[in-house]
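Chain residues, written in single-letter form:
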Amino acid sequence: MSTASTSSSAATLADPLAALPGRKTDLVPLLVIVAFGLAAMPLIGSSSTWITLTVAALAIGMMLFIMASGLTLVFGLMDVMNLGHAAFVAIGAYAATSIVAPINPWLTSESTVQNIAAVVVIALVAMLVTAAVGWVFERLFIRPAQGNHLKQILITIGAMIILDQLVLVLWGANQMLLPLPASLRGSLLFGDVAIERYRLIAIGVGALVFAGLVLMLQRSRIGLMIRAGVENREMVEALGHHVRRLFVAVFVAGAGLAGLGGTMWGFYREQFTVSIGAEVLVQILIVVIIGGLGSITGCFAAAILIALSTNYVSFLAPDFALVSNILVMVVILLWRPRGLYPLAAQ
Amino acid sequence: MKTKKPSLFTQILSGDFPRSRLLTLLLLGVLVYLAGAPFLFSGARSLNVAATICVFLVLAASYDLLLGYCGIVSFAHAMFYGIGAYGVAIALYKLGPSWSALAIGAGAAIALSAVLALLIALVSLRVKAIFYSMTTLAVASAFSALVLRLTSITGGDDGRNFRLPEVLTPGFRLFEAELWGTAINGKVLSYYLVFACSLLLFLLMLRVVNSRFGRVLEAIRENEFRAEAIGYRTLLYRLTANCLSAVLACCAGVLMAVWLRYVGPQTTVSFTVMLNILLMCVIGGLGTMYGAVLGVVIFVIAENYIQVGLQSLSHSLASVARLAKLFHPDRWLLWFGTIFVLSVYFFPSGIVGKLRELRIRFGL
Amino acid sequence: MSEHNKAPLLRLAGVHTHIGEYHILQGVNFEVPRTGVTALLGRNGAGKTTTLRTIMGLWQASNGTVTFDAADITRTKTPDIARSGIAYVPEDMGIFGGLTVQENLRLATLDGKFDEPRLEWIFGFFPALKRFWLRPGGTLSGGQKQMVAIARAIIEPRKLLLIDEPTKGLAPAIVQNLADAFVELKAKNTTILLVEQNFNFVRSIADHVVVMDDGRVVHSGAMAALIEDEDLQARLLGLHPVARA
């Protein structure tokens, strides 16, 4: 059952590469991830526990992917590492909580359609708010430090602290609640395995976002500019395109995506504080690095891998969850120093 | 051409002079204050401030070695500080208050720091700069999490209290008479141990950054490509700087543990501590050891007064609820972060840079 | 013949360019006449590539002016310079490895659509392009990449082409192909500023020549004159006369 969901994500991974004749589709990282998942089964013992863990990991992996996708494009396109990206996650989640009250009738109604509509509205508004914050962020913190990596690292970390604190000023330091509507709660039963509805939804949303991003990159003019700009920004400018403007658009979209990820994560946890951003920062950074800078496919694969390893290790040896992420990172980088699905060699 | 043999003073400072009269004055003031702290002010609190300054001095200066001289941003510095502190704490807790336990704890911590720093740098320094920063962030986070979870060893969130060898306990008296109105007890002895070690380590760092090794580091920072072309194995130099910096931070942790006789995660491995170190270095001035001195002093002074200041500001603004929330003492990090970002933007050379500028412009 | 047509298409006056602490261009003065091929020659490190990049705005001139078609483009940003009618083919060709040849060319169009007649015209120069139309740029050989790079530069009508060492490392057959392409472009009133080390290549297609050394222009004039004067060739370019049969 869950192997089916793993391989359906695997199918979307293979597609964008197969679209180009003459290029061999690289299935190896996929197989590694599937093998990794299967190898964990004997360690975990019961297959039903394994299924639950794996589905949960896939859901979390999708959310990680959504949060990290913006960051990898931003880094690939403009060589900018925004350590403050995690703040967008927190802002997304917090903004979502503010929309709960006005839309409450739909959220608490009996109708599934209204429930879903409410969640969609919440997500969209949270995305817009985060994107707007991203626009301001880019002007204030990214633009002035352009080209100076040292300054970028320092300033973006400072910016994350400032944003987190502002969130606390605006919303207070209490636990925030983002309750799922009734029709999206609960689990579906497959034999003796219970799979939470929301996790399936998260997987679906993640797959959709991935497909959408890949389509945008492969088929649209903006996607063309982004793919070329990630390889050689100068040449794209020399061809007459304003890469700076493109970059701002990508940055803002990336912030919006992080906001979406934050909203989904908020619904998943249902209770959180401002650290919801900072606690995923390290994982997001690792996902971006081992995926391959600027590569959406790589980001997707890496997110799933990291989520799987974190979940399995949390079950088997909870103290070492974060350590396991680092081990995965080291192993992957030793095997493929440029990432799982690096961009074409320049 | 015969070169004069450098004076003892020049040798001690390794030829790295403050190059600004104002700066020299300030530094001398700090030195006098630290040397005479037990006698200058009464009360445990002021001695604590002095000891904190000594320890942070080593911590910040060793960080400047990486950030200012190497040009790389490490987020693992607080982790090495924590390794030193916890190493001593765990050893003294488990093995009892003896000098050998202290030596074992410190030794193990130093060894661990060196090895860990080497591994991190080996894995991540060869690639882009951001990999290194990221890896240090990841490792530091993982370490933090471990410290919090392995409660039986580390005491978890509560930390560890432990006892020191008898000579360093407050109850111990070196001699009965008082010196300048202060009893020479174990606390004072602890303080001078911390002070002496800090001073030595600082002078050692001055020696390192003014040696050929330090010059090569700066050359690598300015233009790595050219340094490689000339023939320097840049990776080797950076690895060495990493290990050195980590070991020094570890020593700072050891000193702090000896002073406080307590170790806890919030004061050692938390991200706030890492941020403090960053701020101290940036405000003081990167790439100048003296910057760390000034940065630490300003920071410690400010830290004591910032909360008070915010509190009163928040009170007077109580009528305007939103504004009051902005200035609430719990939100000190907000202002911290803002000052930090502003410093990086507008004072990249820090206070030391500004003072030296003044010297050039106005002969101060 | 109006005054406008006699004015140079491109003029550099007193251009200095600093890269970091290096003072590469130390007062470059020359003109590129409208139509025809102007060769920019000089030994390695003379500043030829820097000159092209400065014209294109990839590096900012620290002093002096660059005038294109009577407009001052010294401070203009690269995308706008490209849109004003200058195309740039760098030494490493700048082909996007992850994009197909078709996508490489599509990116070079300003509105994303191909002008079919123009595309056919380009296929006339480089018929091989049709063969690897859908191949990723990274899988092409040097010669094929060069064809794509030049096709990219001319897919949109441009007034001036800046081309940096196109024949480097290419087989003689492809070099001949390029020469024919340049001649045809010349016939279509496209101005080309060509940086080259291969004097034999340029002597057959260039009309004017500018020689640089140590960041300055040391000679400029008609190519015909330079061809006649072997002493000048030896002095400027270190070339020794080819033994005649």
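Rules used throughout
Residues numbered from 1 in each chain as written. Chains lettered and ligands numbered in written order. Predicted model: local features only at pLDDT ≥ 70, side-chain atom pairs only at ≥ 80, totals over all residues. Heavy atoms only, no water. Contact = heavy atoms within 4.5 Å. Buried area = accessible area lost by both parts, 1.4 Å probe. Salt bridge = Lys/Arg side-chain N within 4 Å of Asp/Glu carboxyl O. Polar contact = N/O pair within 3.5 Å; in protein donor to acceptor, adjacent residues only side chain to side chain. Domains from an automatic or database assignment. Helix = DSSP H or I, 4+ residues; strand = E, 2+ residues; numbered from the N terminus. Buried < 20%, exposed > 50% of the residue type's maximum accessible area, 1.4 Å probe, protein only. Core = buried A, V, L, I, M, F, W, Y, C linked by side-chain atoms within 4.5 Å.

1. Some points on the interface of chain C and chain A
Every contact between the two is made by 29 residues of chain C and, on the other side, 21 residues of chain A. Between chain C and chain A lies a buried interface of about 2,200 Å² when both sides are counted; carbon and sulfur atoms form 61% of it. Two residues, Glu234(A) and Arg53(C), come together in a salt bridge whose shortest N-O distance is 2.6 Å. Run the count over chain C and chain A and you get eight residue pairs in polar contact (both at pLDDT 80 or more).

2. Some words on the domain arrangement of chain C
All names here are of chain C. By domain assignment, chain C separates into domain 1 (3–85 + 159–244) and domain 2 (97–157). Look at where the C-alpha atoms of domain 1 and domain 2 centre, and you get two points 24 Å apart. Between domain 1 and domain 2, the contact holds 14 residues from the first and twelve residues from the second. Between domain 1 and domain 2, the buried area comes to about 1,100 Å², and carbon and sulfur atoms account for 75% of it.

3. Observations regarding the side chain of Thr268(B)
Residues and elements named next belong to chain B. Its place among the elements puts Thr 268 in helix α12 (residues 265–268). Take Thr 268: its relative accessible area is 4%, and that puts it in the buried class. A polar atom in the side chain of Thr 268 sits 2.7 Å from the backbone oxygen of Gly 264. Excluding residues within four positions of it along the chain, Thr 268 makes contact with Ala 78, Tyr 81, Gly 82, Ala 85, Tyr 86 and Val 273.

4. Quick look at the nonpolar core
For soluble globular proteins, the rule of thumb is that nonpolar side chains tend to be buried together. In terms of nonpolar packing, the biggest core is built from 334 residues, with Phe65(A), Leu34(B), Phe56(B), Tyr191(B) and Leu193(C) touching the most fellow members. At 21 residues, the largest contribution of residues to this core is made by helix α3 (residues 47–78) of chain A.

5. Examining the environment of Glu222(B)
Here Glu222(B) shows up in helix α9 (residues 212–222). Side chain to side chain, Glu222(B) and Arg221(B) meet in a polar contact 3.0 Å long.

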